[in-house]
Structures are given as structure tokens and as C-alpha cells.
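# Survey of secondary and tertiary structure
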Amino acid sequence: MVRLYHIFLTLAIGLLWCAGGEAAAVTMAKKTADGKWAMVPLADGFDYPVGKPNGNGYYRSRGLRLNVPRHMGEDWNGNSGGNSDLGDPVYTVGHGLVTYASDARGRWGKVVIVRHAFREPKTGKVLCCQTLYGHLDRIDVKLGQIVKRGDQVGTIGTNRGMYPAHLHAELHFNVLVNCGQQGIPKTARNYGHLSRFIEHYRRLRPESKEVKLPIGCFLPYRDTEGL
């Protein structure tokens, strides 16, 4: 019942997600359930979340895998390996709104999620997506904070020694996705290849327009599946 309520709420406010890498236009109604909104600048492009702006000094050790065994994002490690990147800065890939900044514990540890709005150059539509930064050693932002491309959101961690130090980063086209499993299909409609997205939208035309985005709108977090 709770899940159906949140799905209905999201459809009601008109916040849609993309399918196969093509995002839907963002149109907002009056308010979310808690009435919390923020005016967010449109992204002027996207950079890598480590070694900004180009990922220098890091490599992608794992990518998105939608088939079993699933891996719903990218793992970024320092070139020196091991825990050499422990405590290194993690940056938001683009302008956005912090919609989650908390210790999710379990296999996730400390997590930050940033919601982005940007204009698709080919269609002129304003689109929405979000990025997740997991296993952080430290969180440097708070819920509802506006961040700009390249702002530090935290530092690389090990989730209390569960893993060698690395950043787990995800791209969500469905803004109901939190960390963990909420019954949302793990498909290309809901998850994307972060590096491909960054390269495709690396530089966008700067503009002063801001859009209204909801701060919350997540389904309840349940850590029932691996990363």
C-alpha cells in the first residue's frame, strides 16, 4: 500500500523518468507529500565524480550490469589500488539538489543522492535524473542543499572495512530509486551507464533558468539485494 501511494504521488506531480537513456520532460505540480521543494539550476554539463573533471588518477573497476549477478552502477578506484584512495574527495557530477544524505548502513554505508535537471540539446526539453554516491567515509552535504558541478559531496570510504576503498556511483532515470531494493525493476528504464551519460552530456549550454524539484519522493529503503 505504501509503495502504491508513493508511485501514485510521483505520477501526480508529473516527475517522470527516462527509458533506454531518453529522459522525459519534468513538469511539476503544487507540492510533494511533505511540501518541500527547491529551485535548482539547470546543469551546464557533467564531469566525473572522482579526479575531477576527467577522472584523472582513477579507473572504473566495475560497470553497470543489469543481468544476474547484478551491479547497478560503477565502481571507481584509485590507480594505486588497495586503500590508497581512502578519504579522497567525491564530487557531484553536475548541478543539482541533495535528496539523500545519510548512513544507509548494511552493504551501502554512507550515501549521497543528487537530483539533476538539464536541457536535452536535441529536443530542448528539460529532463531529470539523479546520481548516487555510496560507501562514503564522510558526507559533506545535507538534505535539501543545492550543489554545483564539482562540489565535494563526501570522501571515498570502505563501508566500515567491508570493501577495499572505492566509490560506488549510480545513475538513476527513475527518481523513486533510493539505495537498496524498492520493487523497482532493475532495467535500463530505471538505471543508466554513468560514464556514457557524462560523456554524452559533457558540456551543455549555460543558462540562468532554474526548475522546481522535490526534495524527497523516495520509496522506503530495504537492503534486500546486492549492489
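Structure first, text after, so check above.
Residues numbered from 1 in each chain as written. Predicted model: local features only at pLDDT ≥ 70, side-chain atom pairs only at ≥ 80, totals over all residues. Heavy atoms only, no water.

### Considerations on the nonpolar core
- In this structure, F46, V112, F118, Y133, L167 and F197 are the most contacted members of the largest nonpolar core, which totals 30 residues.
- Listing elements by their share of this core, those giving two or more residues are β6 (110-119), β7 (126-139), β9 (152-156), β10 (167-172) and α2 (194-200).
- Among the elements that take part in this core, β7 stands out by supplying four residues, more than any other.
- Contact partners of F197, with chain neighbours within four places excluded, come to F46, F118, C129, L171 and F173. (Core = buried A, V, L, I, M, F, W, Y, C linked by side-chain atoms within 4.5 Å. Buried < 20%, exposed > 50% of the residue type's maximum accessible area, 1.4 Å probe, protein only. Helix = DSSP H or I, 4+ residues; strand = E, 2+ residues; numbered from the N terminus. Contact = heavy atoms within 4.5 Å.)

### Concerning the pattern of salt bridges
- Taken as a whole, this structure holds 11 salt bridges when the rule is applied.
- We note a salt bridge from E199 to R202, for which the minimum N-O separation is 3.8 Å.
- Take E199: its relative accessible area is 44%, and that puts it in the partly exposed class.
- A relative accessible area of 16% means that R202 is categorised as buried.
- Between E207 and R205 there is a salt bridge whose closest N-O contact spans 4.0 Å.
- A residue is classified by how much of its surface remains accessible, and R205, at 59% relative accessible area, is exposed.
- Within the structure, one salt-bridge network assembled from shared partners comprises D44, D47, R149, E199, R202 and R203. (Salt bridge = Lys/Arg side-chain N within 4 Å of Asp/Glu carboxyl O.)

### Comments concerning the side chain of N190
- Its place among the elements puts N190 in the loop between β10 and β11 (191-192).
- Its relative accessible area of 2% is what places N190 among the buried residues.
- In this structure the side chain of N190 is engaged in a polar contact, spanning 2.6 Å, whose partner is the backbone oxygen of P185. (Polar contact = N/O pair within 3.5 Å; in protein donor to acceptor, adjacent residues only side chain to side chain.)

### Describing the packing of aromatic side chains
- Under the defined criterion, the tally for this structure stands at six aromatic pairs.
- When the ring of Y48 is compared with that of W76, the centres are 5.6 Å apart and the planes differ by 65°; the resulting orientation is edge-to-face. With Y48 in the loop between β1 (37-41) and β2 (58-62) and W76 in strand β3 (residues 74-78), this pair connects stretches of sequence that are 28 residues apart. Considered together, Y48 and W76 belong to a single accessibility category, that of buried residues.
- Clustering of aromatic rings is evident, with ring pairs tying together F46, F118, F197 and Y201.
- The residue whose ring lies beneath K52 is Y91, and the NZ or CZ to ring-centre distance is 4.6 Å.
- For the cation-ring pair, K212 lies above W37, with the distance from its terminal atom to the ring centre recorded as 5.8 Å. (Phe/Tyr/Trp six-rings, centres within 6.5 Å; stacked < 30°, edge-to-face > 60°. Lys NZ or Arg CZ within 6 Å of the ring centre and 35° of its normal.)

### Some details on the pairing of β10
- When you tally the buried positions in β10, you get six out of six residues, the bulk of the element.
- Where β3 lies against β10, three bridges are found, and the strand directions are antiparallel. Within the sheet, the bridge partner assigned to W76 lies in β10 and is L167.
- Of the strand pairs in this sheet, β7 and β10 are connected by five bridges, and their pairing is antiparallel. By the bridge assignment, G134 is partnered in β10 with H168. (Pairing = 2+ DSSP bridges.)

### Some thoughts on unusual backbone geometry
- Across the junction of K52 and P53, the peptide omega takes the value 0°, indicating a cis bond.
- Looking at where P53 falls in the secondary structure, it is placed in the loop between β1 and β2.
- Cis geometry marks the peptide bond from V68 to P69; its omega dihedral reads -5°.
- Here P69 lies in the loop between β2 and β3.
- With a phi angle near 65°, H135 is a residue other than glycine that sits in the positive phi range.
- As for its position among the elements, H135 is in strand β7.
- At R160, a position not held by glycine, the phi torsion is positive, near 60°.
- Tracing the backbone shows R160 in the loop between β9 and β10.

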